[in-house]
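Summary of the model geometry
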Amino acid sequence: MSGMPEQFAAFVATKDDDTVHREVRQWARDDLGDGDVIIRVAYSSVNYKDGLATIAKGQVARVSPLIPGIDLAGTVVESTSDEFTAGDHVLAHGYALGVAHHGGYAQFARVPADWVVPLDALSARDAMTIGTAGFTAAMSVQRIQDRGITPQDGPVLVTGASGGVGSVGVDLLAGQGYDVVASTGDTSAHDWLRERGASEIIDRLDTDDIRPLGKHRWAAAVDCLGGAPLAAILSTLSIGGIVAASGNTAGLSLETTVAPFILRGVTLAGIDSANLAIDERRALWARLADDLRPSVLEASDEVGLDQLEDTLDAILDARTRGRILVRLDHD
Ligand SMILES: NC(=O)c1ccc[n+]([C@@H]2O[C@H](COP(=O)([O-])OP(=O)(O)OC[C@H]3O[C@@H](n4cnc5c(N)ncnc54)[C@H](OP(=O)(O)O)[C@@H]3O)[C@@H](O)[C@H]2O)c1
């Protein structure tokens, strides 16, 4: 007996021709989709991809109606898997969650056991303060470390620094001893970024005149912008440098040359948090609870389901800062 109701509150996005209708309404347990584990969701979060999943031109949602929310954390209420039992604290994110499988913007979710990560040393709230964006930042840092870049190699650039991936990236890199240069278009975020460990703050990168090779500026970079800023980074990485590229808020296309690759041996490392294998995902979350734990575990904002619509619009317009929690209230 799980105490799970037959109906519960959910934020639902329904595609209707060229528009997406978004509302908070009751959702039936039987309509949650397949999975071995039912989770009473305590927190989800707002990521850029969640914004895209709720607009017609976002091209992210693959089913309609959809409960979005690409990440969630809470407590197992039912499980047919040997790996989890009722009462376990867990999180889930990635794979089809919140895009083709109902996600975290509901009081309950049902997911396959091999999407689930046990939560021991982090609370559900801490886990979603990190969320998909912070996990992506952690994957980026791990990739830079795997490449052998150490703090002695020189400064590491973080772009989109006031956003979710960027702000956690600044924090994690500083915690690992790197000299972090934060690039942001948000002039009011400078002190906030210094509190997270940025040693220098610069404006968004100048992309007017990108030459095949520019001055050696960065030993490594964490980039979630793509487009012209990524091209500017590639041409200014030092010899043997690496950019961990995860996003496209500045554009999907990349216009560059082979010069940085063949004359400086740089690496363009793609970061795909959605499809990371579950064992690697669990191992990286264990690091996030340990040596990679962020120094600041505070969300910039916390919203309920009824405030989600405005917040999803705000993240698409770059009007949000840092990480935003979604709180699921239960009676
Ligand atoms: N590959 C993956 O697994 C993965 C996982 C998570 C996220 N992502 C992607 O990473 C990106 C960031 O996600 P997020 O949740 O961190 O979003 P976010 O909180 O909105 O952060 C994005 C930041 O990008 C900057 N920005 C926005 N529009 C821009 C523009 N037109 N030109 C230059 N800079 C711009 C802003 O930073 P400043 O104002 O500080 O400059 C903004 O805060 C998205 O593209 C998302 O889809 C990918």
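Up top is the structure.
Residues numbered from 1 in each chain as written. Predicted model: local features only at pLDDT ≥ 70, side-chain atom pairs only at ≥ 80, totals over all residues.

**A word on unusual backbone geometry**
We count it as follows: Only DSSP runs of H or I with at least four residues qualify as helices, and only runs of E with at least two residues qualify as strands; both kinds are numbered from the N terminus onward. With C-beta atoms placed from the backbone, a residue is buried if 20 or more other C-beta atoms are within 10 Å of its own, exposed if 12 or fewer are, and partly exposed between those counts.
The amide bond that connects Ser 64 to the next residue, Pro 65, takes the cis arrangement and shows omega of 0 degrees. The residue Pro 65 is located in the loop between helix H1 (48-52) and strand E4 (71-79) in this model. In this structure, Gln 59 is a non-glycine residue whose phi angle is positive, near 55 degrees. A count of 9 C-beta atoms within 10 Å places Gln 59 in the exposed class. One non-glycine residue, Tyr 95, adopts positive backbone phi at about 50 degrees. Position of Tyr 95 among the secondary structure elements: in the loop between strand E5 (89-93) and strand E6 (108-111). With 19 C-beta atoms counted inside 10 Å, the residue Tyr 95 sits in the partly exposed group.

**Focus on the sheet that holds strand E12 (residues 237-245)**
Note the threshold: At least two DSSP bridges between two strands are required for those strands to pair. Between N-to-C directions, angles span 0 to 180 degrees; the directions come from axes that are lines fitted to C-alpha atoms, helices contributing only their stretch in contact. Contact between two residues is assigned when their C-beta atoms, built from the backbone, lie within 7 Å.
Pairing is parallel in the open sheet, where 6 strands are placed in the order E10-E9-E8-E11-E12-E13. Each having just a single partner strand, strand E10 (200-202) and strand E13 (267-270) make up the two edges of the open sheet. The sheet shows a mean angle of 20 degrees between the axes of neighbouring strands, taken without regard to direction. For strand E9 (residues 180-183) and E10, the ladder comprises 3 bridges, and the chain directions are parallel. Paired with Val 181 across the bridge in E10 is Glu 200. Set on the sheet, helix H3 (residues 164-175) makes contact with strand E8 (156-158), E9 and strand E11 (218-223); between it and E8 the angle comes to about 160 degrees. Contacts from helix H5 (residues 227-234) reach E8, E11, E12 and E13, with the element oriented near 155 degrees to E12.

**Things to note about H5**
For H5, the tally of buried residues reaches 6 of 8 residues, placing the bulk of the element in the interior. Within H5 the residues assigned to the buried category are Pro 229, Leu 230, Ala 231, Ala 232, Ile 233 and Leu 234. On its buried side, H5 packs onto E8, E11, E12, helix H6 (259-263) and E13.

**Describing the site of the ligand**
The test is simple: Placing a C-beta atom from the backbone of each residue, we mark the residue near a molecule or strand if the atom is within 6 Å of it. Residue classes follow a fixed rule: Ala, Val, Leu, Ile, Met, Phe, Trp, Tyr, Cys and Pro count as nonpolar, while Asp, Glu, Lys and Arg count as charged, and any other residue, Gly among them, counts as polar. For each domain, the first and last residues come from an automatic or database assignment.
Around the ligand, the surrounding shell holds 31 residues, and the nearest of these are Gly 160, Ser 162, Gly 163, Gly 164 and Gly 247. When contributions to the shell around the ligand are tallied by element, the ones reaching two or more residues are H1, helix H2 (124-146) and H3. When the residues that make up the shell around the ligand are grouped by side-chain class, the tally is 11 nonpolar, 16 polar and 4 charged. The residues that make up the shell around the ligand include at least three from each of domain 1 (7-119 + 299-327) and domain 2 (132-270).

**Some points on the nonpolar core**
For clarity, the threshold we go by: Take the buried Ala, Val, Leu, Ile, Met, Phe, Trp, Tyr and Cys residues, join any whose C-beta atoms are within 7 Å, and the set you get is a nonpolar core.
Formed by 101 residues in total, the largest nonpolar core has its most connected members in Ile 39, Ala 92, Val 156, Val 180 and Val 243. It is H2 that contributes the most residues to this core, 11 residues altogether. Two domains each put at least three residues into this core: domain 1 (7-119 + 299-327) and domain 2 (132-270). If near-sequence neighbours (up to four positions away) are discounted, Val 156 is found in contact with Ile 144, Leu 173, Tyr 178, Asp 179, Val 180, Trp 218, Ala 219, Ala 220 and Ala 221.

**Some words on the pairing of strand E3 (residues 37-46)**
Along E3, 10 of the 10 residues are buried, which leaves the element largely enclosed by surrounding structure. When E3 meets E4, the two strands line up antiparallel, connected through 7 bridges. By the bridge assignment for E4, Ile 38 is matched with Glu 78. Here E3 pairs with E6 via 4 bridges, running antiparallel. Note that in E6 the partner of Arg 40 across the bridge is Phe 108. Bridging between E3 and strand E15 (residues 324-327) involves 4 bridges; their strand directions are antiparallel. Bridging from a neighbouring strand, Tyr 43 pairs with Arg 327 of E15.

**What about the environment of His 89?**
Within the fold, His 89 resides in strand E5. Classification of His 89 as partly exposed rests on a count of 17 C-beta atoms within 10 Å. C-alpha of His 89 to C-alpha of Asn 248: the two residues are 159 residues apart in sequence and 33 Å apart in space. Leaving out residues up to four positions away in the same chain, His 89 has contacts with Thr 75, Leu 119 and Ala 124.

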